[in-house]
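Residues per chain are reported as follows:
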Amino acid sequence: MALVAAMLCATLASGFEPQRCARRAATTRRAATSDAQLLDAACEAARAAGALIRGASSAGRAVAQSKANAKDLLTTTDVACQAAAAAVLAARVPESRLLGEEDVAPGGDAARRAAEAAFAGDGVVWALDPIDGTANFVDAIPLSAVSVAAVKCRSGAAPEVVAGAVYDPSRDELFGALRGAGAWCQRGDGARAPLAASPNALRDAVVYAGAPPTARALDPSLRGIAAVAPKARTMRLLGSAAIMLAYTAAGRGAAYFECDLAAWDTAAGALLVAEAGGLVTDAAGAPYGPLTRQIVAAGPGCHAELLATLDAVGGARLDD
C-alpha cells in the first residue's frame, strides 16, 4: 500500500480529507444538504472522474501495483479519479465523509472493517469506486464505470443509501437514482429516460455474474453460474459490478449476483435497481444495505427463483 499512499499524496493536494471535513463540519453552520443536492453532487463527481478515464493514455492504463493479488489491479488513473471525485464531493458537501476504495487496504476483510467504521458515525458518507472494472480499463475494454453513493448514517439506525450515480464514460451514460423518486439514465444529449427493471422470468432472463479475484469468493460464484445457466436464457460476466447493476436497473438483462463485494462496488447500483422496481437482497433474502457483501439483484419476475437456485448450491455466499 506504500505506492497507493504515495500516489494519493501526489494527486490529492486539493481533494477530500475526512479529518479536515470533520473539523469544518464542527465549525461551519449551514443548511442541511437535501437528498436531491446529494444526487447532483454524486453526478458531478462521477463525471469528473469519468473524464479522466475517457482521456487516459496508455501510461495511465498501465498497472502500477497489484493489491490483494495479481488479479486485483491499481493504476495511477484509479488514484487520480478518486482525487477528482473526492474534490467535487468535498466542495459540494463539506460536512460529509469519504469511504473511497483507494484509501482502504486490499481484501474483503479490510473493506468490511472500513465500511463498518465509516458508517458508525452520524452524517453523510460517500461510497466511492473511482474505477469499477479496473482490469477492463487496463486492457482498454470499454466496460468500466465510476460509482458514487451518498449514505446517510444515524446513531442507532442502519445506514441508508439515499442517492447514487454510476457513470459509464465510454458510452457517456449517467445513471442516477434518488431514494423514493425513481431512477434514470442520461445520455450525451442530456435527455433523461426512466429506468425499469425487466419483468422476465428466469427462463427468459439474461443474468449477470461476477468473477471475484479470490478463490474464497470465486468458487461459490462458479457453482452459482453452473446452477443458474441451465435455467436462464444466457449469462454474462462483464467485469464491473456497477455496470451490471446499472444494466439490471435499465432492463438490459434481468439479474445480477456476486459475493464478497464492498459498499463502493454496490451502493449506487443497488439503489438504481431498487428504484427501477427490482429487488436487491443478500444471499439469504434479507434486504440490501450498504454493509451487504453478497448481493442478488433482479427484476421481480425472477428474483425468487434465482435466489432459491443460488441458495441450493451456496452460489452467492462465501465459502467458510
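For clarity, every value in this text was computed on a predicted model and none was experimentally measured.

## Some points on unusual backbone geometry
A positive phi is found at Asp172, a non-glycine position, where the angle reads about 50°. By the secondary structure assignment, Asp172 is in the loop between strand E6 (160-168) and strand E7 (173-178). Here Asp172 falls in the partly exposed class, since its relative accessible area comes to 27%. The backbone phi angle of Asp260 is positive, close to 70°, even though this residue is not glycine. Its place among the elements puts Asp260 in the loop between strand E12 (255-258) and helix H10 (263-275).

## A word on the pattern of salt bridges
Applying the stated criterion across every chain, the model contains 13 salt bridges. Note that Asp168 is salt-bridged to Arg171, the shortest N-O span being 2.9 Å. Residue class for Asp168 comes out buried when judged on its relative accessible area of 1%. Notably, a salt bridge pairs Asp204 with Arg233, separated by 3.5 Å at the nearest N-O pair. Linking Asp204 in the loop between strand E9 (192-194) and strand E10 (206-209) with Arg233 in the loop between helix H8 (215-228) and strand E11 (234-236), this pair joins segments that are 29 residues apart in sequence. Among the residues examined, Asp204 registers a relative accessible area of 27% and is labelled partly exposed. Judged by its relative accessible area of 54%, Arg233 is exposed. A network of salt bridges, in which partner residues are shared, links Glu173, Arg187 and Arg252.

## Side note on the nonpolar core
Judged by nonpolar contacts, the single largest core of 48 residues is most densely connected at Leu99, Phe119 and Leu272. Both domains that meet at this core, namely domain 1 (35-194) and domain 2 (202-312), each give it at least three residues. Leave out the neighbours within four places in its chain, and Leu272 touches Val166, Phe175, Gly176, Ala177, Ala183, Leu195, Ala246 and Ala249. Leu38, Cys43, Val146 and Leu174 belong to the second-largest nonpolar core, a separate cluster that totals 32 residues.

## Some words on the sheet that holds E11
Strand order in the open sheet formed by 5 strands is E11-E10-E12-E14-E13, with mixed pairing between adjacent strands. Each edge of the open sheet carries a strand with a single partner, namely E11 and strand E13 (279-281). Pairs of neighbouring strands in the sheet enclose a mean axial angle of 15°, with direction left out of account. Relative to strand E14 (residues 295-298), E12 runs antiparallel, the two sharing 4 bridges.

## Quick look at the layout of surface pockets
Reported here for the second largest pocket is a volume of approximately 150 Å³. Lining the second largest pocket are 13 residues; nearest its centre among them are Arg179, Ala270, Ala274, Tyr288 and Gly289. Sorting the residues of the lining of the second largest pocket by element identifies E6 and H10 as the ones contributing at least two each. Ranked by the residues each element gives to the lining of the second largest pocket, the list is headed by H10, at 4 residues. Split into classes, the residues belonging to the lining of the second largest pocket amount to 10 nonpolar, 1 polar and 2 charged. Formed jointly, the lining of the second largest pocket draws a minimum of three residues from each of two domains, domain 1 (35-194) and domain 2 (202-312).

## A closer look at the packing of helix H9 (residues 241-249) against H10
Relative orientation of the contacting elements H9 and H10 amounts to 5°, with a least axis distance of 8 Å. Between H9 and H10, the angle is such that the two are roughly parallel. Between H9, through Ala241, Ala242, Leu245, Ala246, Thr248 and Ala249, and H10, the contact on the second element is made entirely by Asp265, Thr266, Gly269, Ala270, Leu272 and Val273. A class-by-class count of the residues in the contact of H9 with H10 yields 8 nonpolar, 3 polar and 1 charged.

## Here we look at the packing of H8 against helix H11 (residues 303-313)
One can describe the packing of H8 onto H11 by two numbers: an axis separation of 9 Å at closest approach and a directional angle of 130°. Here H8 lies oblique to H11, going by the angle between them. Crossing of H8 over H11 shows right-handed handedness. Of H11, the residues touching H8 (which contributes Arg223, Gly224, Ala227 and Val228) are Leu306, Thr309, Leu310 and Val313. In terms of residue class, the contact of H8 with H11 is made up of 5 nonpolar, 2 polar and 1 charged.

## Structural notes on the environment of Asn200
For Asn200, the location among the structural elements is in the loop between E9 and E10. Through-space distance from the C-alpha of Asn200 to that of Pro300 is 7.9 Å; in sequence the pair is 100 residues apart. Looking at Asn200, its side chain comes within polar contact range of the main-chain oxygen of Asp204, at 3.2 Å.

Conventions we followed
- Residues numbered from 1 in each chain as written.
- Predicted model: local features only at pLDDT ≥ 70, side-chain atom pairs only at ≥ 80, totals over all residues.
- Heavy atoms only, no water.
- Helix = DSSP H or I, 4+ residues; strand = E, 2+ residues; numbered from the N terminus.
- Buried < 20%, exposed > 50% of the residue type's maximum accessible area, 1.4 Å probe, protein only.
- Salt bridge = Lys/Arg side-chain N within 4 Å of Asp/Glu carboxyl O.
- Core = buried A, V, L, I, M, F, W, Y, C linked by side-chain atoms within 4.5 Å.
- Domains from an automatic or database assignment.
- Contact = heavy atoms within 4.5 Å.
- Pairing = 2+ DSSP bridges.
- Axes fitted to C-alpha atoms, helices over the stretch in contact; angles between N-to-C directions.
- 1 Å grid on protein atoms, 1.4 Å probe; cavity = no way out; pocket = protein on both sides within 12 Å on 5 of 7 lines; lining within 4 Å.
- Points joined across faces, edges and corners; volume = space filled by probe spheres on them.
- Nonpolar A, V, L, I, M, F, W, Y, C, P; charged D, E, K, R; others polar.
- Parallel < 35°, antiparallel > 145°, perpendicular 65-115°, else oblique.
- Left-handed = near helix turned anticlockwise from the far one by under 90°.
- Polar contact = N/O pair within 3.5 Å; in protein donor to acceptor, adjacent residues only side chain to side chain.

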